[in-house]
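Commentary on secondary and tertiary structure
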Amino acid sequence: MDPYDKREMLRDRRRKSRRQKKIKMITSVILALGLLAGAVAGTVVLMKDSSIMSEKAQAKAKKEVEEGKEKETKEEKKRKSLLKEADRLAAMYDYAGAIEKLSSYELSESDAEFMQAKQAYEASQAACVPADITKIPHIFFHSLIADNAKVFDGDAEEDGYNQYMTTIDEFNRIIQEMYNNGFVLVSMHDMAVMGEDGTMSKGQIMLPEGKKPFVLSVDDVNYYNYMLDDGFASRLVVGEDGKPTTERDLENGESEIGDFDVVPLLDKFLEEHPDFSYRGAKGILGITGYEGALGYRTCPTDDKNGYDESQIETAKKVAQCLKDDGWEFASHTWGHIRMGTVSAEKVKEDADKWESQVKPILGDVDILIYPYGEDINSFRKYTMENEKFAYLKAKGFYYYCNVDSSNPSWVQLGTDYLRQGRRNLDGYRMYHDLIDDSVDKLSDLFDVTKVYDAQVRPPVPALTGPGK
Ligand SMILES: [Zn+2]
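Below, the structure is looked at part by part. (Residues numbered from 1 in each chain as written. Predicted model: local features only at pLDDT ≥ 70, side-chain atom pairs only at ≥ 80, totals over all residues.)

Here's the deal with the overall build of the protein chain
- The helix and strand tally for the protein chain stands at 13 helices and 16 strands.
- Burial statistics for the protein chain: of 468 residues in total, 35% are counted as buried.
- Long-range pairs, those at least 24 residues apart, make up 67% of the contacts in the protein chain with a sequence separation of at least 6. (Helix = DSSP H or I, 4+ residues; strand = E, 2+ residues; numbered from the N terminus. Buried ≥ 20, exposed ≤ 12 C-beta atoms within 10 Å, placed from the backbone. Contact = placed C-beta atoms within 7 Å.)

Next comes the structure, spelled out in structure tokens:
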């Protein structure tokens, strides 16, 4: 080989090996860089992964805490509401109901507050005494005067309103005064109970010592045509809250909802003073039939006001709403007749009419309130020989109410009925108690000087006939 060629060959070899080294180096650098990049990327991926995990775990943990809290507040809410409900029952003297309410809570035995409340109710229950049901007064009203200016305007109706009716302010003051004096509203159905064998037996009303039971009723809850221009309520309705209230038609053709009569006013008072009612008792509403019921024109022969069959369904709903709210109904006869004066035939005919026209709206009714307070009998006990009584009893009437203000209370428990005298708390009664020092027919209930609307009423004329 030529030496030159040899050198060239060696030089070439060196060049080659240098190039190869270079390539190796570049390759390894690239490799190293690649690895590094991969590693960094991997770490990022890993980091990313772990951060997703922790977010999930955090959310889960957070959810668990929230669910726990929610469960706790739900539980606490249930607890609080049971305690509140029990407290309201106890306020209405239903201690057994209150204790039962507490016992419905599964943890009541290990809850100090529950046990404490239960003990307090048991103590209150033990301290109650039975009321003498033969000494329970019964007071009554008519629809309340809701617009003094329209009622005391000197027109033909003024004297009647002044004698037989009570203003809203007077009613509110009477209720407040009676509450202050320890009175508690009870139902006639608590005074005596009709057994399955057809005999009436004494009921048991258990109240704290010093509390005084009384019954309340309202006559002619019909919102008669003659009253509608004088600012009275026009009808009872179901309010937006599902509770009964009153509606009044206005001169411009519109109507307004408001507290225009006994039902919403007493309901409002009882909402704030549950201890004014014995176990949810409200009042008794006496209903006639000749101009419909509750302000609805449901009487087919009522030509004056016009019969509106479609109003029957509405009236039924209102009646159910009143019953659900604790109100009770009484027949005040279909035609507002004098039950003592008219013949037995007339009593039967009237009772049939009431049964066919009013009972379908109100449902079963076992209380009868005599119009004008006119009873079918003297103070002597009813017997089956009395044709009127026999017929009324067969129609399902077991509770009878007349008017008697000569005593604070008058109660007669027969073998098959309960009869009670009622005291009118109207303009006539209050005015004469107020102006005549020899008359005192109200002081056991309230102080008439604190109640009477002297600024509003003209002197109340003497009565020329019996009450309404
Ligand atoms: Zn009447």
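Some words on helix α10 (residues 344–357)
- Its 14 residues place the ends of α10 20 Å apart at the C-alpha level, agreeing with the 20 Å of an ideal helix rising 1.5 Å per residue.
- By the burial criterion, the buried members of α10 are V347, D350, A351, W354 and Q357. Along the long axis of α10, the arc covered by the buried residues comes to 145°, so they all point the same way. Seen from the buried face of α10, the exposed residues on the opposite side, beyond 90 degrees, are E345 and S356.
- Looking at the buried residues of α10, the elements they touch are β12 (328–331), α11 (359–362) and α12 (387–394). (Expected span 1.5 Å × (residues − 1). Arc of directions from axis to C-beta.)

Points about the pairing of strand β10 (residues 255–258)
- In terms of strand pairing, strand β9 (residues 244–249) meets β10 through 4 bridges, oriented antiparallel. Bridge pairing in β10 places E247 opposite I257.
- Linkage of β9 to β10, two consecutive antiparallel strands, is achieved through a turn of 5 residues, within which G253 is found at a positive phi near 90°. (Pairing = 2+ DSSP bridges.)

Let's talk about the environment of M200
- Looking at where M200 falls in the secondary structure, it is placed in strand β5 (residues 200–202).
- Here the alpha-carbon distance between M200 and G414, two residues 214 residues apart in the chain, equals 7.0 Å.

Structural notes on the packing of helix α6 (residues 168–180) against helix α8 (residues 262–272)
- Contact geometry of α6 with α8 gives a least axis separation of 11 Å together with a crossing angle of 35°. Our pair here, α6 against α8, has a crossing hand that is right-handed. On α8, the residues that touch I168, F171, N172 and I175 of α6 are V262, L265, L266 and F269.
- Here the residues of the contact of α6 with α8 are counted per class, giving 7 nonpolar, 1 polar and no charged. (Axes fitted to C-alpha atoms, helices over the stretch in contact; angles between N-to-C directions. Left-handed = near helix turned anticlockwise from the far one by under 90°. Nonpolar A, V, L, I, M, F, W, Y, C, P; charged D, E, K, R; others polar.)

Digging into the sheet that holds β10
- Read across the open sheet, the 3 strands follow the order β8-β9-β10; overall the sheet is antiparallel. The sheet is open, and its two edges are formed by β8 (235–238) and β10, each paired on a single side. Averaged over neighbouring strand pairs, the angle between their axes works out to 40° when direction is ignored.
- Alignment of β8 against β9, held across 4 bridges, turns out to be antiparallel. Note on β9: the bridge partner recorded for V238 is P244.
- Packed on one face of the sheet, helix α9 (residues 311–324) meets β8 and β9 and runs near 75° to β8.

A closer look at α12
- Looking at α12, one finds that the buried residues are K388, F389 and L392. Viewed end-on, α12 has its buried residues packed into an arc of 95°, placing them on one side of the element.
- Of the surrounding elements, those touching the buried residues of α12 are α10 and β13 (367–369).
- Taken from the residues just after α12, G396 is the one with a positive phi, measuring 100°.

So, the nonpolar core
- Residues V186, L294 and I367 are the most contacted members of the largest nonpolar core, which totals 104 residues.
- Those residues in contact with V186, other than ones at most four positions away along the chain, are I136, M191, I205, P213, F214, V215, Y278 and A281. (Core = buried A, V, L, I, M, F, W, Y, C linked by C-beta atoms within 7 Å.)

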